[in-house]
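The primary structure of each chain is shown beneath.
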Amino acid sequence: MAGIMSEAGLTNGAFYPHFESKEALVREAIVSALTDQRASLERAGAAELGIEDVIRDYLNVAHLHGTEDGCPSAALLPEIGRQPASTRNAYEVGLSNYVETLASYLPPSSSSSSRERAMAIFGLMVGTLQIARAVSDEIVAAQILEGGVQAALLLAKT
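Structure report, in brief.

Here is what the cut-offs are and how they apply
Residues numbered from 1 in each chain as written. Predicted model: local features only at pLDDT ≥ 70, side-chain atom pairs only at ≥ 80, totals over all residues. Heavy atoms only, no water. Helix = DSSP H or I, 4+ residues; strand = E, 2+ residues; numbered from the N terminus. Contact = heavy atoms within 4.5 Å. Areas by Shrake-Rupley, 256 points an atom, 1.4 Å probe, with all protein chains shown as cover. Axes fitted to C-alpha atoms, helices over the stretch in contact; angles between N-to-C directions. Parallel < 35°, antiparallel > 145°, perpendicular 65-115°, else oblique. Left-handed = near helix turned anticlockwise from the far one by under 90°. Nonpolar A, V, L, I, M, F, W, Y, C, P; charged D, E, K, R; others polar. Phe/Tyr/Trp six-rings, centres within 6.5 Å; stacked < 30°, edge-to-face > 60°. Buried < 20%, exposed > 50% of the residue type's maximum accessible area, 1.4 Å probe, protein only. Salt bridge = Lys/Arg side-chain N within 4 Å of Asp/Glu carboxyl O. Core = buried A, V, L, I, M, F, W, Y, C linked by side-chain atoms within 4.5 Å.

**A look at the overall build of the protein chain**
Okay, so step 1: Across its full length, the protein chain holds eight helices and zero strands.
Okay, so step 2: Each helix and strand of the protein chain, ordered N terminal to C terminal, gives the series α-α-α-α-α-α-α-α.
Okay, so step 3: Within the protein chain, contacts between residues at least 6 apart in sequence are counted, and of these 65% link residues at least 24 apart.
Okay, so step 4: Total accessible area on the protein chain is roughly 8,900 Å²; 57% of this is exposed by carbon and sulfur atoms.

Encoded structure:
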């Protein structure tokens, strides 16, 4: 906490009037990041971008290196899983809203619901990004990203 406050140019004491606890800060940061992520997805829809554009916007080299402004799921899932139920519930609501918006990009399918496919696609994208971030070879990372794009596109068409 001290490091966050210091980077913001504030003292630790400045934290307490704004958040009831460190957990509340974490919860608000996650909710804010997921809300921003969904808003970006909605803007893509307003710009009439398709599912491939959305997938490629997520699985690209800029997002690979943009960890500070990137997807909260790709960056924080293990930590979110260790949080109290209230934080995990807040994440679940944000995830559900994002997946609902992602599902709106998918064509109808007789084999599964758009929501189920959207959740699978999002899970695949998050995992792909995490794996690509874990390797040191840029060429291998780019190949991992493209493999994720192709797999997500297959799920989108199923």
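**Let's talk about the environment of Ala 152**
Okay, so step 1: Structurally, Ala 152 is set in helix α8 (residues 138-157).
Okay, so step 2: Residues Ala 152 and Leu 59, spaced 93 residues apart in sequence, show a C-alpha to C-alpha distance of 10.0 Å.
Okay, so step 3: Beyond its immediate sequence surroundings of up to four residues, Ala 152 is in contact with Ile 55, Ile 121 and Leu 124.

**Some words on the packing of helix α6 (residues 85-103) against helix α7 (residues 114-134)**
Okay, so step 1: Following both chains from N to C, one finds α6 and α7 inclined at 110°, their axes separated by 8 Å at the closest point. Classified by the interaxial angle, the pair formed by α6 and α7 is roughly perpendicular. Both α6 and α7 take part in a crossing whose hand is right-handed. Note on element contacts: α7 touches α6 through Ser 114, Arg 115, Ala 118, Met 119, Ile 121, Phe 122 and Met 125, opposite Tyr 91, Leu 95, Ser 96, Tyr 98, Val 99, Glu 100, Leu 102 and Ala 103.
Okay, so step 2: Its residues placed into classes, the contact of α6 with α7 shows eleven nonpolar, two polar and two charged.

**Here's the deal with the packing of aromatic side chains**
Okay, so step 1: Throughout the structure, instances matching the rule amount to two aromatic pairs.
Okay, so step 2: Centre to centre, the rings of Tyr 58 and Phe 122 are 6.1 Å apart; their planes meet at 70°, and the pair counts as edge-to-face. Taken together, the residues Tyr 58 in helix α3 (residues 51-58) and Phe 122 in helix α7 connect sequence positions 64 residues apart. The pair Tyr 58 / Phe 122 is uniform in exposure class, with both members buried.
Okay, so step 3: Centre to centre, the rings of Tyr 98 and Phe 122 are 4.8 Å apart; their planes meet at 50°, and the pair counts as tilted. Here Phe 122 lies in helix α7 and Tyr 98 lies in helix α6, a separation of 24 residues in the sequence. Each member of the pair, Tyr 98 as well as Phe 122, carries the same accessibility label: buried.
Okay, so step 4: An aromatic cluster is built from Tyr 58, Tyr 98 and Phe 122, whose rings are joined through pairwise contacts.

**Focus: the pattern of salt bridges**
Okay, so step 1: Summed over all chains, the structure comprises five salt bridges.
Okay, so step 2: In this structure, the salt-bridge partner of Glu 146 is Arg 56, at a minimum N-O distance of 2.8 Å. Placement of Glu 146 in helix α8 and of Arg 56 in helix α3 is noted, with a sequence separation of 90 residues between them.
Okay, so step 3: What makes Arg 56 partly exposed here is its relative accessible area of 31%.
Okay, so step 4: Through salt bridges with shared partners, a single ionic network connects Arg 38, Glu 42 and Glu 100.

**Let's talk about the nonpolar core**
A general tendency of soluble globular proteins is for nonpolar side chains to be buried together.
Okay, so step 1: Ranked by size, the top nonpolar core spans 34 residues in total, and within it Ile 55, Tyr 58, Leu 59, Leu 102, Ile 121, Phe 122 and Met 125 carry the most contacts.
Okay, so step 2: Broken down by secondary-structure element, the contributors of at least two residues to this core are α2 (22-46), α3, α5 (72-81), α6, α7 and α8.
Okay, so step 3: Looking at this core, the element that brings in the most residues is α7, giving seven residues.
Okay, so step 4: Look past the residues within four positions of Ile 55 in its chain and what remains in contact with it is Ile 121, Met 125, Val 149, Ala 152 and Leu 153.

**Points about the side chain of Ser 73**
Okay, so step 1: Residue position: Ser 73 is located in helix α5.
Okay, so step 2: What makes Ser 73 buried here is its relative accessible area of 0%.

Read these as spatial facts, not as claims about activity.
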